[in-house]
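Coordinate analysis (summary)
Spelled out from the first residue to the last, the chains are:
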Amino acid sequence: MTTKHLRIKELTEAVGGGITPRMVRHYHSLGLLPQAVRSKSNYRLYSQKDVRLLQQIVTLKQQGFQLSHIRQILQEVEPEAQTSTPLMLQLQQQYSIVMQQISQLRQTAAALEGLLGRDKDCQLMQAQVLAQLKLLEVESQTGLGGLEKLWSRLDAQVHAHPEAFGESLQYLLPELSNRSEIEQDLISKLVLACGDVSLVSFIKVSPGAIASCREALKLGCDVVVDISTVAAALDETRLSHLGCQVKTLIDNSHVTTVTEAEQAFWLSQEWREKLLQIAKGSILVVGYAPSVLVAVCEAIEKQKIQPALVIGLPIGFSHAPAAKRKLMQLHIPFITIQGTFGGGLLAATALNPLMESLIEKPDCHCHLSC
C-alpha cells in the first residue's frame with residue numbers, strides 16, 4: 001500500500017462528520033461510492049478523490065438531501081469535474097426548487113391567514129400549529145448538528161471581504177428578465193430589506209403602477225403615509241428634490257407601532273375624515289394599520305379619493321391579507337405583497353427606489369414595455 005491510499009478507517013477519519021466504515025460500505029452498495037480497489041491483503045484502498053467525494057456525500061446528507069437524490073446529483077456531475085463549482089450549481093438548482101416549495105406553502109398559508117385570528121377557536125388552532133412548527137424546528141436543528149464544521153469553515157471567510165449583496169442576489173433571485181429594469185431593482189431592494197428571497201413571487205406591481213408613480217412624482221405630488229414611522233424611512237433628500245411633501249394621516253407622534261396605529265384609526269373619526277381629504281394624484285403609503293388600507297380601498301371604490309398610486313403593505317394576520325386582496329381587485333395602480341408581510345421599512349423601500357430611478361434616469365421608458 002502506497003502513502004497515497006487510505007484504508008477504510010483512515011478514510012472515515014479524514015472525512016469526519018460522524019461517518020463510519022459501516023456507512024461507507026452501505027454507500028458502496030447503493031452506488032454512491034464506486035467500489036474501492038483492493039490491496040494484496042484484500043483491504044479496501046481509497047484515494048484523495050474518494051475523500052472529496054465522500055465529503056460531498058456527507059455535506060449533502062447533512063443539508064437534508066435524501067440518499068437517492070444525492071446519487072442523482074453525483075451522477076449528473078462528470079466524475080472528472082466533481083469539484084465545488086458543479087456541485088454548487090446543483091445546490092443552486094435545489095435551492096430554486098426549495099424556494100418554489102416555500103412559495104407554494106406560503107400561498108396556502110396566505111389563504112388560511114384570512115381565517116385565523118377571527119375567534120378563540122382559530123387562535124387556539126393557530127397556537128397549536130405554531131407549537132408544532134417550533135418542535136419541528138428544534139428537531140431539525142438537532143439533526144443538523146453535523147453542519148457545525150461546515151458553517152465554521154464558511155463563517156471563517158466573513159473577515160476576508162464585505163458581503164457582496166449584488167452577487168448573492170444574482171445567484172439567489174429567480175428569473176426576472178420579463179420585468180423591467182426599474183421593477184427588477186424594486187424587487188431586489190424589497191428582498192434586501194427583509195432578507196427573504198421567497199418573497200419575490202408575492203410582490204405584486206400592477207400594470208402602469210411604475211409609470212403612474214413617476215408621473216405623480218414629477219408633478220411634486222403629496223406622499224401620504226399612515227404613521228410617522230413610515231415617513232421616517234422615506235428618502236427625504238430625494239422627496240425634497242422632487243418637490244414632494246410628506247403628510248402623515250395619523251398625525252400623532254406617540255403612535256409608532258402597528259397595534260397603536262390600528263387602535264388609533266378605529267377609535268378616532270378624525271383620521272377617517274382626514275383620509276377623505278387626500279389630494280387627487282397623491283401617493284399613499286400604508287405600512288402598518290390594515291384598517292387604513294381597508295378604508296382607502298372603500299374610499300377609492302366610492303370615488304371619494306383618487307390617488308396616483310397605493311403602496312399597501314400593512315401588517316396583520318387576518319385584516320392585512322384581506323385588505324391587500326381588496327386592493328388588488330381595484331382598478332388603480334398599486335404595489336403590495338400578498339399575505340402578512342409588510343411594515344414601515346418595506347413600505348418605504350417600495351417607494352424609495354422609484355424616486356431614485358426617476359432622478360437618475362428621468363427619460364427611462366423600460367417600465368412601459370412590460
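The structure we're discussing is the one just above.
Residues numbered from 1 in each chain as written. Predicted model: local features only at pLDDT ≥ 70, side-chain atom pairs only at ≥ 80, totals over all residues. Heavy atoms only, no water.

Closest axis-to-axis distance for the helix α1 (residues 8-15)/helix α2 (residues 21-30) pair is 9 Å, and the angle between their directions is 100°. By the angle class used here, α1 and α2 are roughly perpendicular. Across the interface between the two elements, I8, L11 and T12 from α1 touch P21, V24 and R25 from α2. Here the residues of the contact of α1 with α2 sort into 4 nonpolar, 1 polar and 1 charged. (Axes fitted to C-alpha atoms, helices over the stretch in contact; angles between N-to-C directions. Helix = DSSP H or I, 4+ residues; strand = E, 2+ residues; numbered from the N terminus. Parallel < 35°, antiparallel > 145°, perpendicular 65-115°, else oblique. Contact = heavy atoms within 4.5 Å. Nonpolar A, V, L, I, M, F, W, Y, C, P; charged D, E, K, R; others polar.)

Another aspect to go through is helix α17 (residues 344-360). Given a rise of 1.5 Å per residue, 17 residues ought to cover 24 Å, and the 24 Å separating the end C-alpha atoms of α17 matches this to within 8%. For α17, the tally of buried residues reaches 13 of 17 residues, placing the bulk of the element in the interior. (Expected span 1.5 Å × (residues − 1). Buried < 20%, exposed > 50% of the residue type's maximum accessible area, 1.4 Å probe, protein only.)

A positive phi angle is found at N42, which is not glycine, with a value near 70°. Within the secondary structure, N42 is located in the loop between β1 (37-38) and β2 (44-45). Unlike most non-glycine residues, Q303 shows phi in positive territory, near 60°. Residue placement: Q303 occurs in the loop between α15 (290-301) and β7 (309-312).

We now examine the nonpolar core. Core analysis: the largest hydrophobic core is formed by 75 residues, its most contacted members being L217, I250, I283, V285, I335 and L351. Among the elements that make up this core, the one with the highest residue count is α17 (8 residues). Discounting residues that sit within four places of it in the chain, I335 has contacts with L186, K204, V205, A209, L309, V310, I311, G312, A350 and L354. Formed by 21 residues, the second largest nonpolar core is a distinct cluster that contains L6, L11, F65 and L74. (Core = buried A, V, L, I, M, F, W, Y, C linked by side-chain atoms within 4.5 Å.)

Let us look at the sheet that holds strand β6 (residues 283-286). Read across the open sheet, the 6 strands follow the order β3-β8-β7-β6-β4-β5; overall the sheet is mixed. Because the sheet does not close on itself, it has two edges, and the strands there are β3 (203-205) and β5 (245-248). When strand polarity is set aside, the average angle formed by the axes of neighbouring strands in this sheet is 15°. Bridge analysis of strand β4 (residues 222-225) against β6 gives 3 bridges, and the strand direction is parallel. When the sheet's bridge partners are listed, V225 is paired in β6 with V285. Where α15 meets the sheet, it contacts β6 and β7, and its direction lies at approximately 155° from that of β7. (Pairing = 2+ DSSP bridges.)

Moving on, we come to the pattern of salt bridges. Across all of its chains, the model carries 9 salt bridges by this definition. Ionic pairing is found between E356 and K189, a salt bridge with its closest N-O pair at 3.5 Å. Linking E356 in helix α17 with K189 in helix α9 (residues 181-194), this pair joins segments that are 167 residues apart in sequence. Using a relative accessible area of 23% as the deciding quantity, one classes E356 as partly exposed. D222 is the partner of K247 in a salt bridge, and the nearest nitrogen-oxygen pair spans 3.1 Å. On the criterion of sequence distance, the pair formed by K247 in strand β5 and D222 in strand β4 is long-range, its members being 25 residues apart. Residue K247 is classed as partly exposed on the basis of its relative accessible area of 36%. Judged by its relative accessible area of 16%, D222 is buried. Within the structure, one salt-bridge network assembled from shared partners comprises D185, K189 and E356. (Salt bridge = Lys/Arg side-chain N within 4 Å of Asp/Glu carboxyl O.)

A few words on the packing of α15 against helix α16 (residues 319-329). Between α15 and α16, whose axes approach to 8 Å, the crossing angle comes to 25°. In terms of axis orientation, α15 runs roughly parallel to α16. When you trace α15 past α16, the crossing you get is left-handed. Packed against α15, whose contacting residues are P290, S291, L293, V294, C297, E298 and E301, the element α16 presents H319, A320, A323, K324, K326 and L327 at the interface. Tallied by class, residues from the contact of α15 with α16 come to 7 nonpolar, 2 polar and 4 charged. (Left-handed = near helix turned anticlockwise from the far one by under 90°.)

Moving on, we come to the packing of aromatic side chains. For the structure on display, the rule yields 0 aromatic pairs. Stacked on the ring of Y43, the Lys or Arg R7 has its end atom at 3.8 Å from the ring centre. For the cation-ring pair, R272 lies above W266, with the distance from its terminal atom to the ring centre recorded as 5.4 Å. (Phe/Tyr/Trp six-rings, centres within 6.5 Å; stacked < 30°, edge-to-face > 60°. Lys NZ or Arg CZ within 6 Å of the ring centre and 35° of its normal.)

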